[in-house]
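Descriptive structure summary
Residue strings, one per chain:
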Amino acid sequence: MPPPRSPERLILSALCLAGLVGLAWLALQAIGWFGVGLLGLFVLFVAVRFELEGNLPIGPQMTPDLYASQFRKHGPEHASERAEQRTLLSRQLSAARLAAGFGVLLTVIGFGFFVLLEIGR
């Protein structure tokens, strides 16, 4: 079940999009379309990394104590606490997917125009 929509989410999404467009404009002025593509790759990297890791601590692969502490923390939770955690995680993943979409869009536009303009020379 998707998380409920709220006016705060729409306002924050619009503010983040405006900030991202501002950064894209600065990258366009500083480096050109290649900079817009790089900004898109960076946003995509951060969004996918957050989506993969969730909101959990990570470490090197050989840290069984870290994983064991996560299972001890979430193991004895009540059903309502687990449902609350799932709702919170679904909201965070929804935001990460939105950011990943914006990252893909910036990457395609930035590198697309960069290649088109370089071929046209």
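The residue numbers shown here count from 1 along each chain, following its written sequence. Residues qualify for local features only when their pLDDT is at least 70, as the model is predicted, and side-chain atom pairs are given and counted only at 80 or more; totals for whole chains, interfaces and linings, by contrast, use all residues. Hydrogens and water molecules were not included; the side-chain quantities draw on all heavy atoms of the structure.

**Topic: the overall build of the chain**
- Labels follow the DSSP assignment, with helices taken as runs of H or I lasting at least four residues and strands as runs of E lasting at least two, numbered in each case from the N terminus. Across its full length, the chain holds 4 helices and 0 strands.
- Going from the N terminus to the C terminus, the chain shows its helices and strands as α-α-α-α.
- Each residue gets one of three labels from its accessible area relative to the maximum for its type: buried under 20%, exposed over 50%, partly exposed in between, using a 1.4 Å probe on protein chains only. Per-residue burial over the chain gives 20% buried out of 121 residues.
- In this description, contact between two residues means that some pair of their heavy atoms is separated by no more than 4.5 Å. Long-range contacts, defined as pairs at least 24 residues apart, comprise 72% of the intrachain contacts of the chain with a sequence gap of at least 6.

**Quick word on the packing of aromatic side chains**
- Between 30 and 60 degrees the pair is tilted, below 30 it is stacked and above 60 it is edge-to-face, where a pair is any two Phe, Tyr or Trp rings, Trp via its six-membered ring, whose centres lie within 6.5 Å. This structure, assessed with the given rule, holds 3 aromatic pairs.
- Ring centres 5.2 Å apart and planes at 55 degrees place the aromatic pair Phe-34 and Phe-114 in the tilted group. Remark: Phe-114 occurs in helix 4 (residues 79–119) and Phe-34 occurs in helix 2 (residues 33–53); sequence separation between them is 80 residues.
- Overall, Phe-34 belongs to the partly exposed group, its relative accessible area being 34%.
- Grouping aromatic residues by their ring pairs yields a cluster made of Phe-34, Phe-111 and Phe-114.

**Some thoughts on the environment of Thr-107**
- Take Thr-107: it is sitting in helix 4.
- Using a relative accessible area of 13% as the deciding quantity, one classes Thr-107 as buried.
- Excluding residues that lie within four positions of it along the chain, Thr-107 makes contacts with Gly-37, Gly-40, Leu-41 and Gly-112.

**Quick notes on the packing of helix 1 (residues 7–30) against helix 2**
- Remark: helix 1 packs on helix 2, axes separated minimally by 7 Å, with the N-to-C direction vectors making an angle of 140 degrees. Looking at the two axes, helix 1 sits oblique to helix 2. Crossing handedness for the pair helix 1 and helix 2: right-handed. On the side of helix 1, the interface is formed by Leu-20, Leu-23, Ala-24, Ala-27 and Leu-28, while helix 2 contributes Trp-33, Gly-35, Val-36, Leu-39 and Val-43.
- The nonpolar class holds Ala, Val, Leu, Ile, Met, Phe, Trp, Tyr, Cys and Pro. Asp, Glu, Lys and Arg form the charged class, and all remaining residues, Gly among them, are polar. Residue composition of the contact of helix 1 with helix 2, by class: 9 nonpolar, 1 polar and no charged. Axes here mean lines fitted to C-alpha atoms, for a helix over just the part in contact, with angles spanning 0 to 180 degrees between N-to-C directions. Every angle not falling under 35 degrees, over 145, or within 65 to 115 is termed oblique; those three ranges are roughly parallel, roughly antiparallel and roughly perpendicular. Helix crossings are classified by the rotation of the near helix relative to the far one: an anticlockwise turn of less than a right angle makes the crossing left-handed, while a clockwise turn makes it right-handed.

**Regarding the confidence of the model for the chain**
- Taken over all residues, the pLDDT of the chain has a mean of 82, while the share at 70 or more is 78%.
- For every residue, the predictor reports its confidence as pLDDT, a number between 0 and 100. The spread of mean pLDDT over the elements of the chain runs between helix 3 (residues 64–74), the lowest at 66, and helix 2, the highest at 91.

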